[in-house]
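# Commentary on secondary and tertiary structure
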Amino acid sequence: MASPLRDLEQRIALTRPGDTVRGLSFTAVLHLTRKHLGNDAAERLRAPLLQRNPVDFFSYPAVDFLRLIAFAAEALQPAFGTHDEALRACGGAICGTFFESTVGQTLLRFTVGGDPKRIYSNAPASYATAVSYGQREYLALGDKRVRLHFKDDLLPVQVHEGILAAALSALQREGQVRGTELCLGESEYLIEWA
């Protein structure tokens, strides 16, 4: 695995002008940092990237989000034990913040019987509203197993593992998410639940 700084440089090189991320993702990572490291730490992460706190439904440059998540994971590593776990925590915070929103609450209410397939089948559309780049495909593999395929994506696999695992938690379901990076910018996620 590449060093976190090298990984960040490689991901930034994948970006195109106009690639954006919604402010909700920035807000979630900054809130997680604030919760574990305090206001000053969160402010030190935000200040070089954004003049003021992000607005959830505004779009911001993906390059800035890549920097934020990389530096937040570095700062949060002692709190979560490893860099990978800190990235997963950032992903979990993004999903949690989404499900706390009006749109997220509505989606949870429409998830009949708490069936995770309903949430994951909507993942391509949900991601398309959160970021302007990449493509995602959903495939059901049985009653309690699905696969998501991400192409032209910018985020580390661990962030998506955190997002996808937090969706199971929001539905109060036990399960696991295993991500595989096929190459930089392309990954697959096998999601299984009880």
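In this report, the structure presented in the accompanying data block is examined.

Calculation rules
- Residues numbered from 1 in each chain as written.
- Predicted model: local features only at pLDDT ≥ 70, side-chain atom pairs only at ≥ 80, totals over all residues.
- Heavy atoms only, no water.
- Helix = DSSP H or I, 4+ residues; strand = E, 2+ residues; numbered from the N terminus.
- 1 Å grid on protein atoms, 1.4 Å probe; cavity = no way out; pocket = protein on both sides within 12 Å on 5 of 7 lines; lining within 4 Å.
- Points joined across faces, edges and corners; volume = space filled by probe spheres on them.
- Nonpolar A, V, L, I, M, F, W, Y, C, P; charged D, E, K, R; others polar.

Although it is not a glycine, Asp 152 sits at a positive phi angle of roughly 60 degrees. Inspection of the secondary structure puts Asp 152 in the loop between strand E4 (145–151) and helix H9 (157–170).

Here the focus is empty space enclosed by the protein. Overall, the coordinates contain one cavity of 30 Å³ or more when judged by the stated rule. When its volume is computed, the largest cavity comes out at roughly 40 Å³. Along the wall of the largest cavity there are 13 residues; nearest its centre are Arg 11, Leu 155, Gly 185, Glu 186 and Ser 187. Elements with a contribution of two residues or more to the lining of the largest cavity: H9, strand E5 (175–183) and strand E6 (186–193). No other element matches the three residues that E6 contributes to the lining of the largest cavity. Of the residues contributing to the lining of the largest cavity, the split by class is six nonpolar, three polar and four charged.

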